[in-house]
Amino acid sequence: MGAIDSLKPVILFDGVCNLCNSSVLFVIKHDRAARFSFATLQSTFGQRQRKKFNLPLNNLDTLLLVKDGRLLIRSAAALEIAKNLDGLWPGFYVFKIIPTFLRDGVYDFVAKKRYEWFGKRESCMIPTPELRSRFIDS
């Protein structure tokens, strides 16, 4: 798939999760400046990033954001993403004042139920030709 601009933040997501795929499409719609690139956790790139940051390779329950050489996970990643979207979405960054253990508690609950509530695909999403350049595969 597309080449990566090494300066762009990369959102790593579970490619077979319907909620995760819908979230990526939401980010694309509200990121008109194309600030973010994307990769599935299952991709070669996703596996390399997880190794780099010493994360378990078999756990797909966590949204990851690699930005400026740092790794943000769970609610911290989601809030940082919202902060960089168009429209009113940056206002959600105010939830950063909530202690991490509470934010991540809610995040973990939804993550564990996501397949049950939203379903699961047989394979990872294939981006449209127009969006392919924003996705990293290798």
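Keep in mind the model is a prediction, meaning the values are calculated, not measured. Residues take numbers from 1 onward in each chain, read along the sequence in its written order. Under the rules for a predicted model, residues below a pLDDT of 70 receive no local features and side-chain atom pairs below 80 are neither given nor counted, while totals for whole chains, interfaces and linings still include all residues. Just so you know, side-chain values use all the structure's heavy atoms and leave hydrogens and water out.

*Asks:* Can you help me understand the pairing of strand 3 (residues 64-67) in this one?
*Replies:* The side chains of a regular strand alternate, residue by residue, between the two faces of the sheet. Neither face of strand 3 is open: one carries L64 and V66, the other L65 and K67, and all of them are buried. At least two bridges found by DSSP between two strands are what make those strands a pair. What counts as a helix is a DSSP run of H or I of at least four residues, what counts as a strand is a run of E of at least two, and both are numbered from the N terminus. As paired strands, strand 1 (residues 10-13) and strand 3 are joined by three bridges and run antiparallel to one another. By the bridge assignment, L12 is partnered in strand 3 with L64. Bridging between strand 3 and strand 4 (residues 70-73) involves four bridges; their strand directions are antiparallel. Within the sheet, the bridge partner assigned to K67 lies in strand 4 and is R70. The loop that links strand 3 with its antiparallel partner strand 4 comprises two residues; one of these, D68, has a positive phi angle of about 55 degrees. Relative accessibility thresholds used throughout: buried, under 20% of the residue-type maximum; exposed, over 50%; partly exposed, between the two (1.4 Å probe, protein chains only).

*Asks:* Can you help me understand helix 4 (residues 100-118) in this one?
*Replies:* Helical geometry: 3.6 residues make up each α-helical turn, so side chains three or four residues apart lie on a common side. Over its 19 residues, helix 4 extends 25 Å from the first C-alpha to the last, a length consistent with the 27 Å expected when each residue adds 1.5 Å. In this analysis the local bend is the angle between axes fitted, respectively, to the seven residues ending at and the seven residues starting at the residue. The largest bend in helix 4 comes to about 45 degrees, at K112. Along helix 4, the residues classified as buried are R103, D104, Y107, A111 and R114. The contact definition used throughout considers only heavy atoms, calling two residues in contact when any of these lie within 4.5 Å. On its buried face, helix 4 is in contact with helix 1 (18-29) and helix 3 (74-83). After helix 4 finishes, the residue G119 shows a positive phi value of roughly 90 degrees. For a helix, the expected span equals 1.5 Å multiplied by the number of residues minus one.

*Asks:* Just checking my understanding: could you explain the side chain of N21 for this structure?
*Replies:* Residue placement: N21 occurs in helix 1. Among the polar contacts listed, one links the side chain of N21 to the backbone oxygen of G15, at a separation of 3.0 Å. There is a polar contact of 2.8 Å between the side chain of N21 and the backbone oxygen of C17. In the analysis that follows, any N or O atom pair within 3.5 Å is treated as a polar contact, provided that within protein one partner can donate a hydrogen and the other can accept it, and provided that, for residues neighboring in sequence, both atoms belong to side chains.

*Asks:* Whenever I open this one, the packing of helix 3 against helix 4 confuses me. Can you help?
*Replies:* For any two helices packed against each other, the geometry is given by the interaxial angle and the distance between the axes. Where helix 3 contacts helix 4, the axes come no closer than 8 Å and their chain directions differ by 95 degrees. When the interaxial angle is binned, helix 3 and helix 4 end up roughly perpendicular. From helix 3, R74, S75, A76 and L79 reach across to helix 4, where they touch R103, D104, Y107 and D108. Working convention: axes come from line fits to C-alpha atoms, limited for helices to the stretch in contact. Angles between N-to-C directions cover 0 to 180 degrees. Oblique is the label for any angle not covered by the other classes, which are roughly parallel (under 35 degrees), roughly antiparallel (over 145) and roughly perpendicular (65 to 115).

*Asks:* How do you make sense of helix 1 when you look at a structure like this?
*Replies:* With 12 residues, helix 1 should cover 16 Å at 1.5 Å per step; its first-to-last C-alpha distance of 17 Å lies within 8% of that length. What helix 1 keeps buried is the set C20, N21, V24, V27 and I28. What you see down the axis of helix 1 is that its buried residues fit within an arc of 120 degrees, all on one side. Contacts made by the buried residues of helix 1 are with strand 1, strand 2 (37-40), helix 3 and helix 4. Directions from the helix axis toward the C-beta atoms define the arc.

*Asks:* Got a minute to help me understand unusual backbone geometry in this structure?
*Replies:* Across residues other than glycine, the phi torsion is negative in most instances, and most of the peptide bonds are trans. With a phi angle near 55 degrees, A34 is a residue other than glycine that sits in the positive phi range. Residue placement: A34 occurs in the loop between helix 1 and strand 2. Judged by its relative accessible area of 21%, A34 falls in the partly exposed class.

*Asks:* Explain the nonpolar core to me, please; I cannot follow it from the model alone.
*Replies:* Where a protein is soluble and globular, its nonpolar side chains tend to be buried together. Here, the term nonpolar core denotes a set of buried Ala, Val, Leu, Ile, Met, Phe, Trp, Tyr and Cys residues that are joined through side-chain atoms within 4.5 Å. By size, the foremost hydrophobic cluster in this structure holds 19 residues, and its most contacted members are I11, V27, F36, F38, L65 and I81. Those elements that place two or more of their residues in this core are strand 1, helix 1, helix 3 and helix 4. With four residues, the top contributor of residues to this core is helix 1. With near-sequence residues (within four places) excluded, L65 lies in contact with P9, V10, I11, F36, R70, L71, L72, A77, E80 and I81. Listed in part, the eight residues of the second largest apolar core include V10, L41, F45 and V66.

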